[in-house]
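# Summary of the model geometry
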Amino acid sequence: KYEVVLNEGDNGTKPQSIKFPTISICSHNKVKKSFLHQEGNEPLHDYWETVDQYDVEKAANINWTDPNMVKIQDMTYQDLIDAGGPDDNRFLMCQQRAALCQKWVHYVQEDYFTRDVTSSGVCWRVNPAGLIRGKSGDYGKMKILMFADLKDYSIRTADQPQHGFTVAFHDNATYGMSLSSGYFMSPGSIYKVDLQLSKQIRKPPPSGNCNASLVHTTYGAYDEGSCVLECKDRYLNDTCGCVNIEPPLNNLGYQSCTLKQWAQCGLKAYMDFNKAFMNPELAENICPCPNACNQTRYVAQLSSSALSHPYVSSVHSHPFIKGLLNEFSHPDLNITYESHRDIHENLVVMEILFTSMITTEIRQVVTYTSANLLGDIGGVMGLLMGASVFTLIDFVQMLVFAIQKHCFSNWCRKEKAEKSRDNEEASCLKKEEEE
């Protein structure tokens, strides 16, 4: 069974700070319309319009003898997502304790966020090294502003029901792309995220069901999500000799598929793997992923409301924001951001804080041991036979002694019989000699 332990710090004292999570923010706009319509990117536009439908037959029928397609055939799928995805300036602002995140002393020598290319698009990884500490309540909250850039969504992406971002809160030893779930955040809203740190500790066999040898993966610390992604990469590489996106810790030397490889082989292999993995009868054979023995999770509770007009007005009037809106605009493609309404329709605000400084530990404990088994056996025997374990031991001991005594008696009789026979023979021989 599992028991819940509330860790309140050393010697029962309340901790003064708590490790802040790494935050992965992934845009739903995989490839921008403005990128696909740039001069010279016409072949990429045609390619993406076909491949992003996830139609294997259409992708396989791309004409790679066309001179325009020949120009892009050696470009990798990862490079396309990286070049075509949202720019880093869509990450408008990060602030904690009234100070901009780029002022964090912990990140003087490195960026406070990194840009990751994933199979779902571009993600920004805030607090990548996990160096930031937080406090409960508003004292330690972090505030993040994102710009969704909805008018720059490509045609295929615009067909999807969800626009905005998927956000995951996790330990810095893992990557957001490996998590099985995240939180959708739509533009025009402010989200309050209440966090609590939780640790899960399981036992390996025979008492538990985790695998203690599984610690690291190409997607960071081992968990079920990273295991599935490794299975997917292994299947793609075995089938096509490449993967769609190289894993963040690429110690196996995988290479991203070229656009031609992805259209001719990778997409079909990717769809086949997903189809097989979603089948409960096949999933265990295709990708057996045992539980992690140690896992750190940030449990989040979200609440949201629409952005107020005064707040949107204050953001719109900021000179820095006005300059960015000009950069985001492409009038030739009917992409313009000027008005108060444009801000309201594209702005996402997050306020992230801890509700408690207490860490919850969920531990797997053994409730039935070998000692319990022996005790139960003795109890049942005592109930059925009227005997305790000690009585049973005495009985076995007595039985052993009886067997030994019986064997010794037989041996003695046999020895006496042989001596008697020898004496009779000797007596007969003596009589014969006398006669």
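For the structure itself, consult the block above.
Every value quoted in this text rests on a predicted model; they were computed, and no experiment measured them.

### Examining the pattern of salt bridges
Summed over the entire model, instances satisfying the criterion amount to 11 salt bridges. When the shortest N-O distance is used, the salt bridge between Lys-19 and Asp-171 registers 3.0 Å. Here the residue Lys-19 occupies a position in strand 2 (residues 18–19), and Asp-171 occupies one in the loop between strand 10 (165–170) and strand 11 (183–185), the gap between them amounting to 152 residues. Residue Lys-19 is classed as partly exposed on the basis of its relative accessible area, which comes to 24%. Linking Lys-268 and Asp-272 is a salt bridge whose minimum nitrogen-to-oxygen distance equals 2.9 Å. A residue pair is termed a helical-turn pair when its members lie 3 or 4 positions apart in one helix, as Lys-268 and Asp-272 do in helix 8 (residues 259–277) at four residues. Taken together, the shared-partner salt bridges in this structure form one network comprising Lys-32, Asp-87, Arg-90 and Asp-149.

### Quick word on the packing of helix 7 (residues 224–240) against helix 8
Viewed as axis vectors pointing N to C, helix 7 and helix 8 meet at an angle of 135°, and their least axial separation amounts to 10 Å. The orientation of helix 7 with respect to helix 8, classified from their angle, is oblique. Handedness of the helix 7/helix 8 crossing: right-handed. Contact residues: helix 7 offers Val-228, Cys-231, Lys-232, Tyr-235, Leu-236, Thr-239 and Cys-240, while helix 8 offers Gln-261, Trp-262, Cys-265, Gly-266, Ala-269, Tyr-270, Asp-272, Phe-273 and Phe-277. Looking at the contact of helix 7 with helix 8, its residues break down into 11 nonpolar, three polar and two charged.

### Here's the deal with the side chain of Glu-351
Tracing the backbone shows Glu-351 in strand 16 (residues 347–354). With near-sequence residues (within four places) excluded, Glu-351 lies in contact with Lys-141, Met-142, Lys-143, Ile-190, Tyr-191, Lys-192 and Val-193.

### Description of the state of the cysteines
Enumeration according to the criterion identifies seven disulfides in this entry. The side chain of Cys-210 participates in a disulfide bridge whose partner is Cys-293; the two sulfur atoms lie 2.1 Å from each other. With the S-S bond torsion at 90°, the cross-link from Cys-210 to Cys-293 turns out right-handed. On the criterion of sequence distance, the pair formed by Cys-210 in the loop between strand 12 (189–201) and strand 13 (216–217) and Cys-293 in the loop between helix 9 (280–286) and strand 15 (294–306) is long-range, its members being 83 residues apart. Residue Cys-210 is classed as buried on the basis of its relative accessible area, which comes to 3%. Here Cys-240 connects covalently by a disulfide to Cys-265, the sulfurs 2.0 Å from one another. Its S-S torsion of about -85° marks the bond between Cys-240 and Cys-265 as left-handed, since a negative value means left-handed. Note that Cys-240 is positioned in helix 7 and Cys-265 in helix 8, a separation of 25 residues in sequence.

### Quick word on unusual backbone geometry
Phi at Asn-127 is positive, roughly 60°, even though this residue is not glycine. One can find Asn-127 in the loop between strand 7 (121–126) and strand 8 (133–134). Take Asn-127: its relative accessible area is 0%, and that puts it in the buried class.

### Observations regarding the packing of aromatic side chains
Per the stated rule, a full pass over the model turns up 14 aromatic pairs. With 6.2 Å between their ring centres and 55° between their planes, Phe-91 and Tyr-112 make a pair best called tilted. Remark: Tyr-112 occurs in the loop between strand 5 (99–100) and strand 6 (113–118) and Phe-91 occurs in strand 4 (residues 91–96); sequence separation between them is 21 residues. Comparing Phe-91 with Tyr-112 shows no difference in burial state: the two are buried. Arranged with centres 5.9 Å apart and planes meeting at 10°, the rings of Phe-273 and Phe-277 form a pair that is stacked. Of this pair, Phe-273 and Phe-277 are both found in helix 8, four residues apart, which corresponds to roughly one turn of the helix.

Each value, and the rule that gives it
- Residues numbered from 1 in each chain as written.
- Predicted model: local features only at pLDDT ≥ 70, side-chain atom pairs only at ≥ 80, totals over all residues.
- Heavy atoms only, no water.
- Salt bridge = Lys/Arg side-chain N within 4 Å of Asp/Glu carboxyl O.
- Helix = DSSP H or I, 4+ residues; strand = E, 2+ residues; numbered from the N terminus.
- Buried < 20%, exposed > 50% of the residue type's maximum accessible area, 1.4 Å probe, protein only.
- Axes fitted to C-alpha atoms, helices over the stretch in contact; angles between N-to-C directions.
- Parallel < 35°, antiparallel > 145°, perpendicular 65-115°, else oblique.
- Left-handed = near helix turned anticlockwise from the far one by under 90°.
- Contact = heavy atoms within 4.5 Å.
- Nonpolar A, V, L, I, M, F, W, Y, C, P; charged D, E, K, R; others polar.
- Disulfide = S-S within 2.5 Å.
- Phe/Tyr/Trp six-rings, centres within 6.5 Å; stacked < 30°, edge-to-face > 60°.

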